[in-house]
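Coordinate analysis (summary)
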Amino acid sequence: MLRLVIALALALPAVPAAAASPAELREELAGLQRDDTRLQSIAWRVAHGNASLCPDPQPAVGLLPMDARGFKDPAAVRAALGLSGELGVGAVAQGSPADLGGVKAGDELVGIEGIDFAALPDVPPNSFARQVALVTRIDAQLVQHGQLALMLHTPGSVASRRVVLKAEPVCRSSFELLTSGDQAAADGQRVVISRRFLAGAPSDDEAAFVIGHELAHNILRHRALLDKLGRTPENYRQTERAADRLGLWLMANAGYDTATATSFMQRWARRRGPILFPGTTHDGWKTRQRTIAAELAVLNATPAKPDGELRDWRGLFPR
């Protein structure tokens, strides 16, 4: 299972056509890095901000690895990123241990104590198998030792450096950026959000509602619940209502503006509702707005404690 390092697998894009110049490739990779950093940063804030309330939290450091073999032309990617090897840092979540420890997206992963890079599977280009294996080993290292010791090299610098990152708890889930499609979904273990969908939430507050909604599905184990109760339209709608409601609490505890959930629903879901929110599995956008408004009234009547204690949502959402 891919898990957060904070987040797990990155759905890497195919390298642009062979005719693309190195400058165009660098621009494409930089854009992917920005989007991935945005997703991981918001996800970290939401998952870390609610960790004490989530069942079975997991240790994380906010580091997303990258494998050049995940692209069609690893050599071109290595050259564009200035890497001597093929493993690097794809994204670092803002405010995470990796960020506070000085790890930067684009750093080369020279080594990780306790993990033998040579033992990772040898894979052809355009394969994620080695990245999956690396993330699995990182996850095990964090569970066993509660920290990650890295050897990093910044392209263009002379010496490598050793960084030790102490893990912090987060709500258990992975967050993956898809480079195609127009979707946001959760499967019980992962949250996947396409670049296009993420771009449709221009403010981080709106994106936090989307991420919180999908994370709520995993926290409440909706896939297992639907397996048990049956995948009827009404049962789907019940899980979507609960995800809308819990998503508000998750984003509030992370410090995001919950009022933006209404603006997101009106501007995005109303315009594209028939595609993104089919009526058989989701309420119409006006009904969803009413659900959100009612839950906001409950949430706002439950302010955070002066000592910083979180708004406790557990009693409102049986699992």
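Since the structure is predicted, the reported quantities are computational estimates derived from the model, not experimental observations.

**Side note on the overall build of the chain**
- The number of helices and strands found in the chain is ten helices and ten strands.
- In terms of overall size, the chain behaves like a compact globule, its C-alpha atoms giving a radius of gyration of 20 Å where 319 residues would be expected to give roughly 20 Å.
- C-alpha extents for the chain along the principal axes are approximately 55 × 45 × 35 Å.
- Across the 319 residues of the chain, 52% fall into the buried class.

**Description of the packing of helix 1 (residues 22–49) against helix 2 (residues 74–81)**
- At a minimum axis distance of 9 Å, the contact between helix 1 and helix 2 shows a crossing angle of 80°. When the axes of helix 1 and helix 2 are compared, the pair comes out roughly perpendicular. The residues of helix 2 that touch helix 1, namely those facing L25, R26 and L29, are A76, V77, A80 and L81.
- A class-by-class count of the residues in the contact of helix 1 with helix 2 yields six nonpolar, no polar and one charged.

**Quick look at the layout of surface pockets**
- Approximately 500 Å³ is the volume attributed to the largest pocket.
- Those elements that place two or more of their residues in the lining of the largest pocket are strand 9 (184–186), helix 6 (204–219), helix 7 (222–229), helix 8 (233–253) and helix 9 (260–276).
- The element that contributes the greatest number of residues to the lining of the largest pocket is helix 6, accounting for six residues.
- Across the lining of the largest pocket, the residue classes tally to twelve nonpolar, nine polar and seven charged.
- As a volume, the second largest pocket reaches approximately 390 Å³.
- Of all the secondary structure elements, the ones that give two or more residues to the lining of the second largest pocket are helix 7 and helix 8.
- Among the elements that take part in the lining of the second largest pocket, helix 8 stands out by supplying six residues, more than any other.

**Topic: the packing of helix 6 against helix 8**
- Look at helix 6 against helix 8: their axes get within 7 Å of each other, and the N-to-C directions meet at 125°. Compared by their axis directions, helix 6 and helix 8 come out oblique. The way helix 6 lies across helix 8 gives a crossing that is right-handed. Between helix 6, through D205, A208, F209, G212, H213, L215, A216, H217 and I219, and helix 8, the contact on the second element is made entirely by T239, E240, A243, D244, L246, G247, L248, L250 and M251.
- A class-by-class count of the residues in the contact of helix 6 with helix 8 yields ten nonpolar, five polar and three charged.

**Considerations on the pattern of salt bridges**
- Applying the stated rule across the entire model yields 20 salt bridges.
- A salt bridge links E176 to R190, with the shortest nitrogen-to-oxygen separation between them at 3.2 Å. Of this pair, E176 sits in strand 8 (residues 174–178) while R190 sits in strand 10 (residues 190–194), and the two are 14 residues apart along the sequence.
- Classification of E176 by relative accessible area gives buried; the value is 5%.
- Salt-bridge contacts for R196 lead to D182; the nearest nitrogen and oxygen are separated by 3.5 Å. Residue R196 is found in helix 5 (residues 195–199), and its partner D182 is found in the loop between strand 8 and strand 9; the two are separated by 14 residues along the sequence.
- A relative accessible area of 17% means that D182 is categorised as buried.
- What you see here is one network of salt bridges that share partners, running through D67, R69, E86, D122 and R130.

About the thresholds
- Residues numbered from 1 in each chain as written.
- Predicted model: local features only at pLDDT ≥ 70, side-chain atom pairs only at ≥ 80, totals over all residues.
- Heavy atoms only, no water.
- Helix = DSSP H or I, 4+ residues; strand = E, 2+ residues; numbered from the N terminus.
- Rg over C-alpha atoms; globule rule 2.2 N^0.38 Å.
- Buried < 20%, exposed > 50% of the residue type's maximum accessible area, 1.4 Å probe, protein only.
- Axes fitted to C-alpha atoms, helices over the stretch in contact; angles between N-to-C directions.
- Parallel < 35°, antiparallel > 145°, perpendicular 65-115°, else oblique.
- Contact = heavy atoms within 4.5 Å.
- Nonpolar A, V, L, I, M, F, W, Y, C, P; charged D, E, K, R; others polar.
- 1 Å grid on protein atoms, 1.4 Å probe; cavity = no way out; pocket = protein on both sides within 12 Å on 5 of 7 lines; lining within 4 Å.
- Points joined across faces, edges and corners; volume = space filled by probe spheres on them.
- Left-handed = near helix turned anticlockwise from the far one by under 90°.
- Salt bridge = Lys/Arg side-chain N within 4 Å of Asp/Glu carboxyl O.

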